[in-house]
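Chain by chain, the residues:
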Amino acid sequence: MAKPILLSVDDDADVLRAIERDLRSQYGADYRVLGSGSPESALDLLKQLKLRSDSVALLLADQRMPRIDGVHFLQEAMRIYPDAKRALLTAYADTTAAIGAINQASIHYFFMKPWDPPTEHLYPQLDDLLGDWQASYHPAYSGIRVLGTRWSPRSYELRDFLARNHVPYQWIDAEISASDPETKLLLETLGPEATSLPIVLFPDGTKLLESTPAQVAQKVGLRTRAQTSFYDLAIIGGGPAGLAAAVYGASEGLHTVMVEREAPGGQAGMSSRIENYLGFPAGLSGGDLARRAVVQAQRFGVEILAAEASEIRTEGPYRIIKLADGSEFSCHALMIATGVQWRRLDAPGIDRLQGAGVYYGGGATEAISCAGETVYVIGGANSAGQAAMNFAKHAEKVFILVRGSSLSSTMSQYLIDQIKETPKIQVWAHASVSEVHGEMHLEEISVLCSDTGKIERVPASSVFIFIGALPRTDWLAGMVERDDRGFLLTGPDLIVDGQRPKGWTLERDPYLLETNVPGIFAVGDVRHGSVKRVASGVGEGSVAVQFIHQYLSKVQ
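Predicted model, so just to flag it, every value in this text is computed and none were measured.

The rules behind the values
- Residues numbered from 1 in each chain as written.
- Predicted model: local features only at pLDDT ≥ 70, side-chain atom pairs only at ≥ 80, totals over all residues.
- Heavy atoms only, no water.
- Helix = DSSP H or I, 4+ residues; strand = E, 2+ residues; numbered from the N terminus.
- Buried < 20%, exposed > 50% of the residue type's maximum accessible area, 1.4 Å probe, protein only.
- Contact = heavy atoms within 4.5 Å.
- Areas by Shrake-Rupley, 256 points an atom, 1.4 Å probe, with all protein chains shown as cover.
- Axes fitted to C-alpha atoms, helices over the stretch in contact; angles between N-to-C directions.
- Parallel < 35°, antiparallel > 145°, perpendicular 65-115°, else oblique.
- Left-handed = near helix turned anticlockwise from the far one by under 90°.
- Nonpolar A, V, L, I, M, F, W, Y, C, P; charged D, E, K, R; others polar.
- Pairing = 2+ DSSP bridges.
- Phe/Tyr/Trp six-rings, centres within 6.5 Å; stacked < 30°, edge-to-face > 60°.
- Lys NZ or Arg CZ within 6 Å of the ring centre and 35° of its normal.

1. Some remarks on the overall build of the chain
When you go through the chain residue by residue, the secondary structure sums to 14 helices and 26 strands. With the C-alpha coordinates aligned to their principal axes, the bounding extent of the chain is approximately 105 × 65 × 40 Å. The 556 residues of the chain split such that 52% are buried. Taking the contacts inside the chain whose residues are at least 6 apart along the sequence as the reference set, 64% of them involve residues at least 24 apart. As displayed, the chain has an accessible area near 25300 Å², and 50% of this comes from carbon and sulfur atoms.

2. A word on the packing of helix α2 (residues 39-51) against helix α8 (residues 181-190)
Axis separation between α2 and α8 bottoms out at 10 Å; the angle between their running directions is 125°. By the criterion of interaxial angle, the relationship of α2 to α8 is oblique. Where α2 crosses over α8, the handedness of that crossing is left-handed. Judged by residue contacts, Lys 47, Lys 50 and Leu 51 of α2 engage Glu 182, Leu 185, Leu 186, Thr 189 and Leu 190 from α8. Looking at side-chain class alone, the contact of α2 with α8 contains 4 nonpolar, 1 polar and 3 charged residues.

3. A short note on the sheet that holds strand β9 (residues 207-209)
In sheet architecture, strand pairing relies on hydrogen bonds along the backbone and comes in two forms, parallel and antiparallel. Spatially, the 4 strands line up as an open sheet ordered β7-β6-β8-β9, and their pairing is mixed. Lying at the two open borders of the sheet, with one neighbouring strand each, are β7 (169-173) and β9. The mean angle between the axes of side-by-side strands here comes to 15°, regardless of whether they run parallel or antiparallel. In this structure, strand β6 (residues 144-148) lies alongside strand β8 (residues 199-201), joined through 3 bridges in antiparallel fashion. Note on β8: the bridge partner recorded for Leu 147 is Ile 199. Strands β6, β7 and β8 of the sheet are contacted by helix α7 (residues 153-164), whose axis makes an angle of about 160° with β7.

4. Details of the packing of aromatic side chains
Enumeration over the complete set of coordinates arrives at 16 aromatic pairs. Taking 5.9 Å as the distance between ring centres and 85° as the angle between the ring planes, the aromatic pair formed by Phe 230 and Tyr 318 counts as edge-to-face. Of this pair, Phe 230 sits in strand β10 (residues 230-236) while Tyr 318 sits in strand β14 (residues 318-323); the two residues are 88 residues apart in sequence, bridging distant segments of the chain. Look at Tyr 318 and you get partly exposed, because its relative accessible area is 38%. Cluster of aromatic residues (ring-pair linked, three or more members): Tyr 156, Tyr 359, Phe 391 and Phe 464. The ring centre of Tyr 81 lies 4.4 Å from the NZ or CZ of Lys 50, which sits over that ring. Cation over ring: Arg 508 sits above Tyr 511, and NZ or CZ is 3.7 Å from the ring centre.

Now the structure itself:
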């Protein structure tokens with residue numbers, strides 16, 4: 001954490017050097033001593049310090065300065081740092097003005113020039129001022145801050161990206177916190193830029209206006225480009241299957257890169273609680289599982305890119321991956337582990353309000369914002385049940401809307417039992433969302449009750465959708481064979497009437513998890529016929545590495 005700042009302002013360079021020397025000599029161990037040769041530049045500096053969330057303990061200004069005198073500077077500076085102690089440096093002739101400033105301008109003290117010796121005429125008084133300041137000092141948050149509004153889809157996208165990538169940040173709602181003095185000061189300091197939300201403020205004082213996850217990824221140090229041009233194994237997708245393959249591949253000596261367009265962990269990483277994963281009897285969150293796996297992968301040297309793969313092609317024994325930014329790298333073995341995306345809910349108003357009250361997936365970043373509200377969870381699988389349990393910690397009421405008569409055919413029994421024991425959660429059977437309503441954000445939903453045929457319109461500020469999932473594999477069309485829903489075909493599923501897939505040139509059949517392109521494998525939820533469970537994905541990712549070794553042993 002950065003030290004609080006003592007700022008002195010004087011247009012006389014000799015006096016400024018002297019006061020800085022004496023301040024640094026006495027207080028340098030606990031404070032940063034800064035100086036400025038003009039009040040104008042000092043005000044600019046204070047605005048930069050405010051954006052960096054630095055703390056200022058003392059403002060010490062000479063009274064006689066051109067254009068802006070010391071009193072007026074301190075009055076202006078007080079608007080930026082109202083809690084800083086304020087003191088004047090004055091000559092004997094300015095004593096009357098200094099006394100008036102104490103009475104009228106909320107200045108705490110004045111010092112006569114010269115102040116030698118400082119042990120008698122400077123330090124005792126400053127000790128009192130700084131002691132008072134320390135008594136009420138609460139260190140400001142010094143990390144990344146995101147300034148936006150709750151109902152902004154772009155703000156939600158940024159918060160979700162940072163949270164899922166385990167990047168600590170502070171969220172500041174510019175609307176809800178507008179009456180907070182610190183937020184008001186921050187907005188005033190930003191000036192016209194305050195309208196360019198969302199804004200990401202970094203500890204070094206830089207900021208990104210109307211920022212995107214890709215821009216933030218680059219700024220916080222997430223790798224977005226490959227470090228070398230060739231790898232033994234490239235993995236597209238960072239869910240449980242991809243992470244497991246990365247760990248096993250790298251631990252067995254393969255030069256491995258993993259490309260993930262959102263955040264390691266995939267959909268599993270958004271789960272608030274996984275309680276049936278082997279070895280964790282108390283359960284763990286998807287985020288914790290992803291974080292542990294990432295650390296493990298990095299320990300073995302896996303390179304993780306925050307990027308999106310847009311195209312693959314083959315050139316002899318090489319499989320070449322093109323990223324969305326146009327850069328390319330190659331590998332001998334390629335693994336597709338892109339998982340699935342939540343199926344879109346087809347109802348009027350859904351697309352318009354996505355990210356402004358309508359969310360796909362767990363919405364972990366929204367749980368606290370739902371305090372005291374009624375939340376609607378759409379879907380009856382495990383992911384919906386886990387989300388409902390998480391929201392019940394904060395919301396006043398949680399409704400789970402399911403098309404069927406109960407949860408018994410779609411959800412694990414342990415979750416059903418937990419939901420029954422949670423008074424805040426209510427299952428609304430035979431129900432589906434037929435329309436959502438709201439201008440700037442979600443305000444109401446229309447619920448179709450299939451058992452009665454009636455539509456009930458109810459107030460709602462947040463809806464979280466878990467209605468099944470489909471693979472995102474259009475970018476592989478024409479290269480990798482898929483079933484009618486887009487899932488990738490592998491191994492025995494490629495053999496039709498005893499015939500190997502078209503274009504297959506090897507004398508062997510495709511390996512169990514290998515696609516129709518030799519050396520390109522598919523694991524996890526993206527694969528046709530896979531079991532949609534975290535443990536299954538981890539198992540497939542691990543097993544596939546053995547087939548990759550066999551494939552690499554024959555690569556020419």
